[in-house]
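Secondary and tertiary structure notes
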Amino acid sequence: MQMLPIQYVFLVGDFTVAALLVLYFVKAYNDKKIPKSYFYAFWVGCLIGAVWEFTFLFLGPDFLHAAVEWPFGLSGWPKKVSHSIWDGGIFMIGVYFCNRFLGAESRFTNWNWKEYRIMALWGIGQELFVEYIFAGRVWVYSPLPWNPVIIPPLPGMASTIGMTLIPQATWIIAPIVFYYLFLKLVKQFDAPPVTDGV
């Protein structure tokens, strides 16, 4: 099937944003604009995203297939690498929202339900938005007994299927894993040293 101009925009935008995210986090870390924990957390977020991105790829086209195959083999693993990097960026936007909206007090010292709530709501909300925009335009999830449709097609969606369970469930579980690991990274790399005495 011939790609439409908007699909070329999606292709170029997909890889451009991924490249910009990597460049931003490398430069911000090298310029000491973000702490070491944030730099590593971005990469941890990318790895967490890669778990489901590549699982979905290996499950094959019966579960998930491209709405239109991108040229030069970019629909396969290159797209999954790009989307994994996007996932890392999405997790870090959740970190930004926590810092932005929860005040200047020390953040990410222990499990904090306000922090987790922001990350979870952001993760679930952005997934619903992403599915609304891109399902049927970039990818198609197949309804299966273990991946049923949970939201029927909405006005303006390209998908005639709607939204299925597994992509939504992924973003219910993923913020828990990321937040837990992020707290560990902050404690390991950014916590002030413990000193004896005064």
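Treat the numbers as computed from the prediction; the structure is a model and nothing was measured.

How each quantity is defined
- Residues numbered from 1 in each chain as written.
- Predicted model: local features only at pLDDT ≥ 70, side-chain atom pairs only at ≥ 80, totals over all residues.
- Heavy atoms only, no water.
- Core = buried A, V, L, I, M, F, W, Y, C linked by side-chain atoms within 4.5 Å.
- Buried < 20%, exposed > 50% of the residue type's maximum accessible area, 1.4 Å probe, protein only.
- Helix = DSSP H or I, 4+ residues; strand = E, 2+ residues; numbered from the N terminus.
- Phe/Tyr/Trp six-rings, centres within 6.5 Å; stacked < 30°, edge-to-face > 60°.
- Lys NZ or Arg CZ within 6 Å of the ring centre and 35° of its normal.
- Contact = heavy atoms within 4.5 Å.
- Expected span 1.5 Å × (residues − 1).

Digging into the nonpolar core
One finds Met92, Val95, Phe108, Met119, Phe178 and Phe182 to be the most contacted residues of the largest nonpolar core, which totals 46 residues. Residue assignment for this core shows that the elements contributing at least two residues are α1 (5-30), α2 (36-59), α3 (77-101), α4 (113-134), β2 (139-141) and α5 (165-189).

Thoughts on the packing of aromatic side chains
Under the defined criterion, the tally for this structure stands at 30 aromatic pairs. Between Phe91 and Trp171, the ring centres sit 5.0 Å apart and the planes meet at 40°, which makes this aromatic pair tilted. In this pair, Phe91 sits in helix α3 while Trp171 sits in helix α5, placing the two residues 80 residues apart along the sequence. Each member of the pair, Phe91 as well as Trp171, is classed as buried. With centroids separated by 5.8 Å and ring planes inclined at 85°, the aromatic side chains of Trp113 and Tyr116 adopt a geometry described as edge-to-face. Within this pair, Trp113 and its partner Tyr116 are both found in helix α4, separated by three residues, close to a single helical turn. Residue Trp113 is classed as exposed on the basis of its relative accessible area of 55%. Within the aromatic cluster, the residues linked to one another by ring pairs are Tyr24, Phe25, Tyr29, Phe39, Tyr40, Phe42, Trp43 and Phe189. Lys79 extends its terminal NZ or CZ atom over the ring of Trp70, reaching a point 4.1 Å from the ring centre.

With respect to the side chain of Ser37
Here Ser37 is to be found in helix α2. Given a relative accessible area of 0%, Ser37 falls into the buried group. Each residue touching Ser37, except ones within four places of it in the same chain, is listed here: Phe182, Leu185, Val186, Phe189 and Asp190.

Quick notes on α3
Over its 25 residues, α3 runs 36 Å from end to end, which matches the ideal 36 Å to within 8%, given 1.5 Å per residue. Once α3 finishes, Gly103 follows within two positions and takes phi at roughly 90°, a positive value.

Side note on the environment of Leu57
Mapping Leu57 onto the fold places it in helix α2. Exposure remark for Leu57: the relative accessible area of 29% places this residue in the partly exposed category. Each C-alpha atom, one on Leu57 and one on Asp14, is 17 Å from the other, the two residues being 43 residues apart in sequence. Those residues within four positions of Leu57 in sequence are excluded, and the remaining contacts are Gly76, Trp77 and Lys80.

A word on unusual backbone geometry
One non-glycine residue, Lys32, lies in positive phi territory at about 60°. Within the fold, Lys32 resides in the loop between α1 and α2. Even without glycine at this site, Phe72 takes up a positive phi of about 60°. Within the secondary structure, Phe72 sits in the loop between β1 (64-66) and α3. Residue classification places Phe72 among the exposed residues on the basis of a relative accessible area of 79%.

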